[in-house]
Amino acid sequence: MSKNSFLYRVFDLYYDGFRHMTLGKTLWTVILIKLFIIFAILKVFFFPDYIGQHAQEGEEAEFVANQLIKQ
């Protein structure tokens, strides 16, 4: 890849920016930890697999349709 190509310049911009960050690295670490907590931990405890527990295998779409009609 030549140094004049668009992709190289974009990559170089981000690489150079992340390399010289000081406070930003800490902020990105906090952001990644929060995302892990949201998607890994909260999903397990607060969002159970309701359809998987109540619908027969292969009939999930019909179960959802019936639940929508009832509600």
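This text gives an overview of the structure that appears in the document. Here the structure is a predicted model, which is why all the values come from computation and not from measurement.

Cut-offs used in this document
Residues numbered from 1 in each chain as written. Predicted model: local features only at pLDDT ≥ 70, side-chain atom pairs only at ≥ 80, totals over all residues. Heavy atoms only, no water. Phe/Tyr/Trp six-rings, centres within 6.5 Å; stacked < 30°, edge-to-face > 60°. Helix = DSSP H or I, 4+ residues; strand = E, 2+ residues; numbered from the N terminus. Expected span 1.5 Å × (residues − 1). Bend = angle between axes of the 7 residues up to and from the residue. Salt bridge = Lys/Arg side-chain N within 4 Å of Asp/Glu carboxyl O.

1. Some remarks on the packing of aromatic side chains
Part 1 of the argument: By the definition in use, this model includes 3 aromatic pairs.
Part 2 of the argument: When the ring of Tyr50 is compared with that of Phe63, the centres are 6.2 Å apart and the planes differ by 40°; the resulting orientation is tilted. Taken together, the positions of Tyr50 in helix α3 (residues 50-54) and Phe63 in helix α4 (residues 60-70) put the pair 13 residues apart, joining distant regions of the chain.

2. Digging into helix α2 (residues 23-46)
Part 1 of the argument: The terminal C-alpha atoms of α2 lie 33 Å apart, and with 24 residues this matches the ideal 34 Å at 1.5 Å per residue to within 8%.
Part 2 of the argument: Of all the bends in α2, the largest measures some 30° and sits at Ile37.

3. Side note on the pattern of salt bridges
Part 1 of the argument: Evaluated as defined, the whole model comprises 1 salt bridge.
Part 2 of the argument: For Arg19, the salt bridge identified is with Asp16, shortest N-O distance 2.8 Å. Of this pair, Arg19 and Asp16 both sit in helix α1 (residues 6-19), separated by 3 residues, roughly a single helical turn.

Shape descriptors only; they carry no functional weight alone.
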